[in-house]
Amino acid sequence: MGSRGIYENSTEPNFRKTWDLAEYAQKAAEREEREKKEAKKKWEKKHGKFKREATPPDVKIVEARDKLNLEENLNKTILVPYGASTGRQGKGVGYYCEACNETYKDSNSWIDHLNSKQHLRATNQTLRQERATLEDVRKRLAWLRNKMVDEKKHSEFSLSQRISEKQAMEEKERKERKEKKKMRRKEKACYVKNEEESIQDDSMAQIMGFGSFESTKV
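Residues numbered from 1 in each chain as written. Predicted model: local features only at pLDDT ≥ 70, side-chain atom pairs only at ≥ 80, totals over all residues. Heavy atoms only, no water.

Take the overall build of the protein next. A tally of regular secondary structure across the protein gives four helices and four strands. Listing the helices and strands of the protein from first to last along the sequence gives α-β-β-β-α-α-β-α. Counting the 218 residues in the protein, one finds 8% classified as buried. The contacts in the protein between residues at least 6 apart in sequence include a share of 33% that link residues at least 24 apart. Looking at the protein as shown, the accessible area adds up to about 21300 Å², and 52% of this sits on carbon and sulfur atoms. (Helix = DSSP H or I, 4+ residues; strand = E, 2+ residues; numbered from the N terminus. Buried < 20%, exposed > 50% of the residue type's maximum accessible area, 1.4 Å probe, protein only. Contact = heavy atoms within 4.5 Å. Areas by Shrake-Rupley, 256 points an atom, 1.4 Å probe, with all protein chains shown as cover.)

According to UniProt, the positions carrying the feature "domain: C2H2-type" (unreviewed entry) are residues 97–119. For residues 97–119, helix accounts for 48% and strand for 17%, while the C-alpha atoms at its two ends are 9 Å apart. (UniProt positions renumbered as here; feature names shortened; annotations may be inferred.)

The next point concerns the side chain of His-119. If you trace the backbone, His-119 turns up in helix H3 (residues 117–122). A relative accessible area of 10% means that His-119 is categorised as buried.

What follows concerns the pattern of salt bridges. In the structure shown here, the tally under the stated rule is two salt bridges. A salt bridge links Glu-23 to Lys-27; its shortest N-O distance comes to 3.4 Å. One end of the pair is Glu-23 and the other is Lys-27, both in helix H1 (residues 21–47) and four residues apart, which spans about a single turn. The salt bridge partner of Glu-171 is Arg-174, with a shortest N-O separation of 1.8 Å. Taken together, the residues Glu-171 and Arg-174, both in helix H4 (residues 134–208) and three residues apart, mark about one turn of the helix. With relative accessibility at 31%, the residue Glu-171 sits in the partly exposed group. A relative accessible area of 41% places Arg-174 in the partly exposed class. (Salt bridge = Lys/Arg side-chain N within 4 Å of Asp/Glu carboxyl O.)

A cluster of nonpolar residues, Val-137, Leu-141, Trp-143 and Leu-144, forms a patch on the protein surface that exposes about 360 Å² of accessible area. Here Leu-144 shows up in helix H4. The exposure class assigned to Leu-144 is partly exposed, which follows from its relative accessible area of 34%. (Patch = residues over 30% accessible without salt bridge, like charges linked within 9 Å, V, L, I, M, F, W, Y side chains within 5 Å.)

Core analysis: the biggest nonpolar cluster contains five residues, these being Cys-97, Cys-100, Tyr-104, Trp-110 and Leu-114. With near-sequence residues (within four places) excluded, Tyr-104 lies in contact with Arg-88, Gly-94, Tyr-95, Ser-109, Trp-110 and His-113. (Core = buried A, V, L, I, M, F, W, Y, C linked by side-chain atoms within 4.5 Å.)

Empty space within the second largest pocket amounts to approximately 430 Å³. Per-class residue counts for the lining of the second largest pocket are eight nonpolar, four polar and five charged. (1 Å grid on protein atoms, 1.4 Å probe; cavity = no way out; pocket = protein on both sides within 12 Å on 5 of 7 lines; lining within 4 Å. Points joined across faces, edges and corners; volume = space filled by probe spheres on them. Nonpolar A, V, L, I, M, F, W, Y, C, P; charged D, E, K, R; others polar.)

Chain-level statistics for the protein give a pLDDT mean of 75 and a share of 70% at 70 or above. Across the protein, element-level confidence peaks in strand E3 (residues 102–104) with a mean pLDDT of 87 and bottoms out in strand E1 (residues 60–61) with 64. (pLDDT = per-residue confidence, 0-100.)

Every buried residue of helix H2 (residues 107–114) is accounted for by Trp-110, His-113 and Leu-114. The arc enclosing the buried residues of H2, seen along the axis, measures out at 100°, which places them on a common side. Away from the buried face of H2 by more than 90 degrees, exposed residues Asn-108 and Asp-112 are located. Contacts made by the buried residues of H2 are with strand E2 (95–97), E3 and H3. (Arc of directions from axis to C-beta.)

Another aspect to go through is a positive patch on the surface. A cluster of basic residues, Arg-177, Lys-178, Lys-180, Lys-181, Lys-182, Arg-184, Arg-185 and Lys-186, forms a positive patch on the protein surface. On the secondary structure map, Arg-185 appears in helix H4. (Lys, Arg positive; Asp, Glu negative; His and termini not counted. Charge placed at Lys NZ, Arg CZ, Asp CG, Glu CD.)

Another point: the environment of Gln-89. Note that Gln-89 resides in the loop between E1 and E2. On the basis of relative accessible area, Gln-89 is assigned to the partly exposed category, the value being 44%. Here the side chain of Gln-89 touches Glu-102 through a polar contact of 3.2 Å, side chain to side chain. (Polar contact = N/O pair within 3.5 Å; in protein donor to acceptor, adjacent residues only side chain to side chain.)

Encoded structure:
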């Protein structure tokens, strides 16, 4: 027995509504596209029509920066004109970006700004990277090899330099000790000589019947 049961062989019309799935899928797609266009028109009416700027012909690929000196203005007094900055706009107290004319209060936001698309666009840089060729890889390896050799030579030179400086310092200390010993011997010789002269004077005074050659002035 079929799904219609006793009505399987009936010639009466089927009053159940049938659905064309393809037609309704097309209508849903058209409605979604229409809603997107309306939302885009509303956004452009509110914010203005967006137009992407063309990439300048002299744009350069972003390069690795040198070490940032974040403590350059630490413990320094900087005079800033009153009203020179409003929010982040303008030059104020903090990290100032001349390209974007913005000031950031802490180093974290400053570094984030340096890596942002806004700053890269203002400094005519792009985040796109060129694909390295085999020749570029060879040059990089040669540079690293030469760098290791230079560092090794520098370390050897530094070691020999430290040894020579240590020897010079020891030689200087040895000369100073020698001079001090010489001065002590000289002082001792002078003291002994003075004592001998004093003894001779006392002996001469006793022989001649004088008490002493010392002064009697008070």
